[in-house]
Structures are given as C-alpha cells and as structure tokens.
Amino acid sequence: MKPTIPKGTRDFLPIEVTKRNYIFDTIKTVFETFGFQPIETPSFENSSTLMGKYGDEGDRLIFKILNSGDYLKKVDDKLLMDKNSVRISPKISEKALRYDLTVPFARYVVQHQNDIVFPFKRYQMQPVWRADRPQKGRFREFYQCDADVVGSKSLWQEVEFVQLYDEVFTKLGLTETIIKLNNRKILSGIAEIIGAKDKLIDFTVALDKLDKIGIEGVTNEMLGKGISQGAIEKVKPLFNFTGDNLEKLEQLKELLSASEEGTQGVEDLEFIIENIEKLGLSSARLEIDVTLARGLNYYTGAIFEVQTDKVAIGSIGGGGRYDDLTGIFGLKNISGIGISFGLDRIYMVLEELNLFKRVVLPKPTLVFINFGEKEAEYCMQTIKKLREMGIKSELYPDNVKLKKQMNYANRREIPFVVLVGEQEMQENNYTLKNMHTGEQTLCNLDDLIRLIKS
RNA sequence: GUGGUUGUAGCUCAGUUGGUUAGAGCGCUAGAUUGUGGUUCUAGAGGUCGCCGGUUCGAAACCGGUCUUCCACCCCA
C-alpha cells in the first residue's frame, strides 16, 4: 500500500519545523512584549459553537466529526430517505474541527469570565481546519497566530495592533508590508447614504473586488445584486480613491457627512492614522483602503489586512474589531479586537524571499564513533560529561563499518567526529577529527572541550 | 461548488504515429579502501507505468470513470 496523507495537509521535515518554530518564536516574543498571555482551546468544538458564525460559505467549509456509535439509528427514516445532507448532518455530527481561533476564543471568554481579568489580552497559536479546495498558499490544515483583547473599547488597541504587525514583520525581515485599514462603520455609512443599507454585505463584497475586476465589473455586480444605478453614481468617487491617508480622510469626511455612523468611522480612522503618524512605524506602511471588506460578518469597527507585494500570495494577516462576538454566547457589552497571522503563508513568503538565513537546524556538535561494546561504554561516560556542560553530542548507536559512521556524520553535517579505539582508551585520550578541514588531533578531555568550543 | 492540470523506480523526470525484456540522473546496498566521510570507478537491488473498466492481435501511450497533484474562480489566512 502506498502511503499518502489527506488532501490539503502536509508533513514537515526537520528543517521545515525549525523554520516554522523560528516564525512562531518571533511572533510569540512580540505578543508577550505587548502584554499578551497564551491560552489554548481544543481542536474540536460542539458544532453549535461554530455553525452559523461564518456565513453559509463558512458553514460549508467546516469539517464535521461523525458521532460515535450507531449514529444512523437515531435518525428517523423519513430524513434518511430525503437524502438531504444539510438536514441530516446535525443529527449525525455534533462536533466539528475549529475553523478559526476567534470564535472558540469568544466561547472561552464567556465560559471563563469569572477567572479572567479584563481587559483580557490573550494570544493563541494553533492549527485550524477548513474543507477548502487547496491551492497556492491555501491548505486544509494551517496555523493561525492570533492576539485579541476583549473588554476595552479604546482605540489605542487599534493603534497597538498596527504597531504589533509592524514589529513582527520587521523582526522577520519582511519589510515594506502594507497594513490595510478600513472600518465597518464607513462601509455601513456608505451603504446608508446610497440607501442600500440592507445590501451592505453585497455592496462590500462587490467593492472588495475593485482591483480584480475593475470599475465596470464592480458596477455590474452591484447592479446584479439590485443596487440602483443612482446609488452607484453617489459612490463613484470611491472607485478612484487616491492620495495619501490624510487626503483620503478628507474625501471620506465629505462623502459621509450625512451619515452619523459613517462620520464615526472616519473619526475612528483619523485617531488611528494620527497616532501611528506620531509614533512611527519601523518598516510597514499603513494605508486606508475602503475596498477592504473581509468576508467575516462579525467585524463592527476597524478592519485590518496585511499584504506584501513582493510575493503573489493572498493576505498574510487580518483582523478587526467585533463588538458583539461574546453576545452570541450570552455575555453582552464586551468589545473585542484581534488580529491574526497566517503562519503558513508567512513561511512561503520568507522562503521565496530567502529570509531564513539565520535559521539553523539543531544538531550535535560531535558524534562518537562506535568501535564495539567496551569502547561504547567508555564513550558514553565522556558523552555524559559533555552533555552536562551543554555540549550537544551523541554516540553512533551501532558498531558498523567506520565508513558508514563517517558518512552519517557527513550527511548530517556534524562538525566533529571523535574516534576512541583500544589505544585511545588505554592512554585515556581522544582522536578528534574536524570534518570540515579533515584535520585530526590526539588530545585529552580538557583539550577536546577547548577545541570544539573554539 | 465551477473550470483546467498532473500521476512512470525511494526522489526528479525521459519514453517516437500503439509494437519484443519500460530507461536516465540522484539516492540506496556491496566492492575497489578490515581505523577514516566528501571525489572517482565497478557491480547490484529496486516498477501492478495511480486505480477500475473499455477499444485493439497488441496499451505506459487511445477512450470512459474514479482517486490524486498543482493552478484559477468563489471564498479566504
């Protein structure tokens, strides 16, 4: 039988895991510098926790877990005969793999509200699963690294998250990232002044495609969704929305002056832009983008998305403010804001740009050649001492041909090999071979340590 | 969910309009070299040509189905 893994999943080689850990560690360090604490949640949740939170499209992409036991017995015959998957699946599946980290976090906050100190700042780095069709930068199992704050409406949080993005990508050596910023209130305001408030979702989805399908395409899609020609005329300025952030803010102010909510959104943006301007960013660029809509329905304020134009890949991070996420689980008036890093896409970007130069695969500094039982025992005594000093070392486990043992050291790029045969044992010394230069030295233990440390 | 693409040795890939026993490079094993790796040379092992069915005297090649790979759309990180 030929071994395979499921569609959209991957195995990782040691070097790949090492590189991934480097990204994890970098993000984790920055999260903790900003005052976030780690939590974890189970890989699967009750279906009722997840279903209906991501829209119809999202529900379709959630991996459902079959109930245990004779699960078909409980389903009534009529339902079975109908063969309607959507109606049968809740009967035979009560658990599902998590689709993101935000909704499980909302559940977590509500469930542990008495143990949590608010405002609660948490970070979480775990895999999520989506039953998507895999393609470039898109997998069915991938890692998200999230940081969220719940219990604070302060716009300083938005400011801090922009700084956090900047800090992480700067540390990873990925410069000139574009942090796109928008506000759901602005989108609502726009929809309001064109009199298509009920079509907000359709409107934003269409507007989001501006750079892909152009003005004409967006206009056609909006018309197709029942948005009037007159309404589209009113927002035409947005189709040629240029200039720097301050100029954009002025244009928005004017456009949205009739909408209370829209005006509020502009003020929010203004606060973030102004303060980031004052504080400065290391390598990222903050950019207002009114076409930024994001599919997730739960954002209510700021919306973030991070892109790089150095590699053709989707966004490498995203997030935003959600005022009522915990409300679904019964805890009202708790505002949350969070951002997410797409680890797997960041990996692909760093790989493509050759930014893993500093990452080295962990490996022993020296390997002891195995010449037999007696010699192995003698070597293990030395290895024990070396390990106590933090020197990574190992014994080749089997007494096989020297050639094979040397080849092993060579393949693993282990810098030193130690040969201890009968003669060395008697004289209580070691033959140290530098695999790079081929040079060999006969020495005692102290000299050995000194040589490998230099 | 829609459209396209891919599948031949452990890996990367050749394989002529359908024709004897399906090849190469790398890797692996052994030897040249019994206490010395990288280089070189020699030899060897390794294949249900993704799977099922069909066309044909004859299929790795043609046809249908299915699974898989990768890509685009939808949507998303």
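Residues numbered from 1 in each chain as written. Chains lettered and ligands numbered in written order. Predicted model: local features only at pLDDT ≥ 70, side-chain atom pairs only at ≥ 80, totals over all residues. Heavy atoms only, no water.

Points about unusual backbone geometry
So, point 1. The omega angle of the peptide bond from Phe 118 to Pro 119 is -5 degrees, so this bond is cis rather than trans.
So, point 2. If you check the backbone angles, Asn 333 has positive phi at about 60 degrees while not being a glycine.
So, point 3. Relative to the elements of secondary structure, Asn 333 occurs in the loop between strand S10 (317-322) and strand S11 (336-342).
So, point 4. For Asn 333, a relative accessible area of 68% corresponds to the exposed category.
So, point 5. You will see that Glu 413, though not glycine, has its phi angle at about 55 degrees, which is positive.
So, point 6. Along the chain, the position of Glu 413 falls in the loop between helix H16 (402-411) and strand S14 (416-419).
So, point 7. You can call Glu 413 exposed: its relative accessible area is 57%. (Helix = DSSP H or I, 4+ residues; strand = E, 2+ residues; numbered from the N terminus. Buried < 20%, exposed > 50% of the residue type's maximum accessible area, 1.4 Å probe, protein only.)

Describing the pairing of S14
So, point 1. Of the two faces of S14, both are covered, the one formed by Phe 416 and Val 418 as well as the one formed by Val 417 and Leu 419.
So, point 2. Strand direction decides the pairing type here: S14 and strand S15 (residues 430-434), joined by four bridges, are antiparallel. The partner of Leu 419 across the bridge, within S15, is Thr 431. (Pairing = 2+ DSSP bridges.)

Examining helix H18 (residues 445-453)
So, point 1. Restricting attention to buried positions, one finds in H18 the residues Leu 445, Leu 448, Ile 449 and Ile 452. Each buried residue of H18 sits inside an arc of 95 degrees when the element is viewed along its axis, so together they form one side. Those residues of H18 that are exposed and aimed more than 90 degrees away from the buried face are Asp 446 and Arg 450.
So, point 2. Structurally, H18 contributes buried residues whose contacts are with strand S12 (366-368), helix H15 (373-388), S14, S15 and strand S16 (440-443). (Arc of directions from axis to C-beta. Contact = heavy atoms within 4.5 Å.)

A look at the confidence of the model for chain A
So, point 1. In this model, chain A carries an average pLDDT of 89, and 99% of its residues clear a pLDDT of 70 or more.
So, point 2. What the predictor reports for the complex is a pTM of 0.91 with an ipTM of 0.85. (pLDDT = per-residue confidence, 0-100.)

Some thoughts on the state of the cysteines
So, point 1. Applying the stated criterion across every chain yields a total of zero disulfides.
So, point 2. Cys 379 supplies the cysteine sulfur nearest to Cys 443, a cysteine that is in no disulfide, at a spacing of 13 Å.
So, point 3. Judged by relative accessible area, Cys 443 falls into the buried class, the value being 6%. (Disulfide = S-S within 2.5 Å.)

What about the packing of aromatic side chains?
In this description, a pair of aromatic rings is defined by centroid distance and the angle of the planes.
So, point 1. For the structure on display, the rule yields 20 aromatic pairs.
So, point 2. Where Tyr 54 meets Tyr 99, the ring centres are 4.3 Å apart and the plane angle is 45 degrees; that geometry is what we call tilted. One end of the pair, Tyr 54, is in the loop between helix H2 (47-50) and helix H3 (55-61); the other, Tyr 99, is in the loop between strand S4 (95-97) and helix H6 (102-111), and 45 residues separate them in sequence.
So, point 3. The class for Tyr 54 is buried, based on a relative accessible area of 5%.
So, point 4. Here the aromatic cluster, defined as three or more aromatic residues joined through ring pairs, consists of Phe 31, Phe 36, Tyr 123, Phe 161, Tyr 165, Phe 169, Phe 304 and Phe 341.
So, point 5. Above the face of the Phe 36 ring, Lys 121 is positioned so that its terminal group lies 4.8 Å from the ring centre.
So, point 6. Against the face of Phe 105 rests Arg 122, its NZ or CZ located 4.0 Å from the ring centre. (Phe/Tyr/Trp six-rings, centres within 6.5 Å; stacked < 30°, edge-to-face > 60°. Lys NZ or Arg CZ within 6 Å of the ring centre and 35° of its normal.)

Focus on a nonpolar patch on the surface
So, point 1. A contiguous nonpolar surface patch, about 230 Å² in accessible area, is contributed by Leu 13, Ile 15 and Leu 361.
So, point 2. Note that Leu 13 resides in the segment before helix H1 (14-33). (Patch = residues over 30% accessible without salt bridge, like charges linked within 9 Å, V, L, I, M, F, W, Y side chains within 5 Å. Areas by Shrake-Rupley, 256 points an atom, 1.4 Å probe, with all protein chains shown as cover. Salt bridge = Lys/Arg side-chain N within 4 Å of Asp/Glu carboxyl O.)

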